[in-house]
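Structural overview
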Amino acid sequence: MSKHMTEVIMEYQKNLNKCKEYRKKYLLIDNGKEIIENYNINLMPNFNSYKDPYINEQLKFMKLITDLDVVNQNIIESHEIWKDIKKTEQPNMKQLLYNGYKYKRLNKLHEYIVLDLKHFVDEIIATISIIKGFVFENKVYISSIGAYLAKKEKEFNDFDEFIDLFNKLDNLSNSYKHSYANSDFSVIGRDEDCFVALYSKYNDFDNHPIPYVVSVDYIVQEFNKFYKFSFELIDNLTKNQIE
């Protein structure tokens, strides 16, 4: 083995160990791999020979699963910045100079995390919707959190235990994307890293904007439960279809 190859392997192992230390330090998305590890097919949910009629599910889930590595990077950075901002003892000149940027960076990281997690959930809902046959004239009509929350099909209740997670992700996402009032709410979590937003639904100011302060750890914890449950659901539903 060449000296260069040995150095590359040693550097990779060092960075992999760093990823594992972050996972011990912070609650991260459990997608079956560390951030820098390569994707492998065993991370896929089991589709039991089921073939999606519209897309290549292997490519879709490879993207969904590896996108969560970037989410984990953002979660780590978010926690690190929050801790740095919360340091109260004798802030040094560097902290004072960069404080404004850190607030902005923290807020943007929160947006990225919420939007990416919501996208993942939307894609899972659409996948289950197709497997269960909620398709009309080739249109998947339950393909997002919003559609699931507003659903009229009582038999599509597989994710009802995650309604609180769905509502929080949906409202935070809408706040970041659409709420005109959200710019007036520039705060951070007091005791822990939190997503914060001011939601004026439909920008209707007759109904007062609603403040949201939601623990990052809570969202990650509930998302991990959803992740495991949804993969088991795909296995069970597709297994029943071929038996």
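Residues numbered from 1 in each chain as written. Predicted model: local features only at pLDDT ≥ 70, side-chain atom pairs only at ≥ 80, totals over all residues. Heavy atoms only, no water.

A short note on the overall build of the protein
- The number of helices and strands found in the protein is six helices and four strands.
- In the protein, the succession of helices and strands from N to C terminus is α-α-α-β-β-α-α-β-β-α.
- Per-residue burial over the protein gives 43% buried out of 243 residues.
- Sequence separation of 24 or more characterises 62% of the internal contacts of the protein that already satisfy a separation of 6 or more.
- A total of about 14200 Å² of accessible surface is found on the protein, and carbon and sulfur atoms cover 51% of it. (Helix = DSSP H or I, 4+ residues; strand = E, 2+ residues; numbered from the N terminus. Buried < 20%, exposed > 50% of the residue type's maximum accessible area, 1.4 Å probe, protein only. Contact = heavy atoms within 4.5 Å. Areas by Shrake-Rupley, 256 points an atom, 1.4 Å probe, with all protein chains shown as cover.)

Observations concerning the side chain of T238
- In this structure, T238 sits in helix 6 (residues 216-242).
- A relative accessible area of 0% means that T238 is categorised as buried.
- Among the polar contacts made by the side chain of T238, one reaches the main-chain carbonyl oxygen of F47 at a distance of 3.3 Å.
- In terms of polar contacts, T238 uses its side chain to reach the side chain of N48, at 2.9 Å.
- Those residues within four positions of T238 in sequence are excluded, and the remaining contacts are N46, F47, N48, Y50 and I131. (Polar contact = N/O pair within 3.5 Å; in protein donor to acceptor, adjacent residues only side chain to side chain.)

Observations regarding the nonpolar core
- Among the nonpolar cores identified, the biggest contains 53 residues, and F159 and F166 are the most heavily contacted of them.
- Only helix 2 (57-85), helix 3 (93-131), helix 4 (145-149), helix 5 (163-178), strand 3 (194-199), strand 4 (210-215) and helix 6 provide two or more residues apiece to this core. (Core = buried A, V, L, I, M, F, W, Y, C linked by side-chain atoms within 4.5 Å.)

A word on the side chain of D193
- With respect to the helices and strands, D193 occurs in the loop between helix 5 and strand 3.
- Among buried charged residues, D193 stands out as having no salt bridge; its nearest opposite-charge side chain is K86, 10 Å away.
- Within polar-contact distance, the side chain of D193 engages the side chain of H110 at 3.0 Å.
- Leaving out residues up to four positions away in the same chain, D193 has contacts with S78, H79, W82, L106, H110, S215 and V216. (Lys, Arg positive; Asp, Glu negative; His and termini not counted. Salt bridge = Lys/Arg side-chain N within 4 Å of Asp/Glu carboxyl O.)

A look at helix 2
- Taking 1.5 Å as the rise per residue, helix 2 with 29 residues should run 42 Å; its terminal C-alpha atoms sit 42 Å apart, in good agreement.
- With a side-chain oxygen lying 2.9 Å from the backbone nitrogen of Q58, the N-terminal cap of helix 2 falls on N56. (Expected span 1.5 Å × (residues − 1).)

Considerations on the layout of surface pockets
- Roughly 190 Å³ of internal volume is contained in the second largest pocket.
- Lining the second largest pocket, in full, are D30, N31, G32, L43, P45, N46, N224, Y227, K228, F231 and D235.
- A class-by-class count of the residues in the lining of the second largest pocket yields four nonpolar, four polar and three charged. (1 Å grid on protein atoms, 1.4 Å probe; cavity = no way out; pocket = protein on both sides within 12 Å on 5 of 7 lines; lining within 4 Å. Points joined across faces, edges and corners; volume = space filled by probe spheres on them. Nonpolar A, V, L, I, M, F, W, Y, C, P; charged D, E, K, R; others polar.)

Describing the environment of I130
- Its location among the elements puts I130 in helix 3.
- You can call I130 buried: its relative accessible area is 14%.
- The sequence separation of I130 and I142 amounts to 12 residues, and the corresponding C-alpha distance is 8.6 Å.
- Contact partners of I130, with chain neighbours within four places excluded, come to Y50, D52, P53, Y54, V135 and V140.

Thoughts on the environment of F47
- Residue placement: F47 occurs in the loop between helix 1 (3-25) and helix 2.
- On the accessibility criterion, F47 (6% relative accessible area) is buried.
- Among residues more than four places away in sequence, those in contact with F47 are E57, F61, T127, I131, I234 and T238.

Quick word on the pattern of salt bridges
- All told, the structure shown has 15 salt bridges when counted by the stated rule.
- With its nearest N and O atoms 2.6 Å apart, the salt bridge here joins K33 to D69. With K33 in the loop between helix 1 and helix 2 and D69 in helix 2, this pair connects stretches of sequence that are 36 residues apart.
- Take D69: its relative accessible area is 7%, and that puts it in the buried class.
- The residue K225 makes a salt bridge to E222 at a minimum N-O spacing of 3.1 Å. Residue K225 and its partner E222 are both found in helix 6; the two are separated by three residues, about one turn of the helix.
- Under the relative-accessibility criterion, K225 is labelled partly exposed at 44%.
- Exposure remark for E222: the relative accessible area of 12% places this residue in the buried category.

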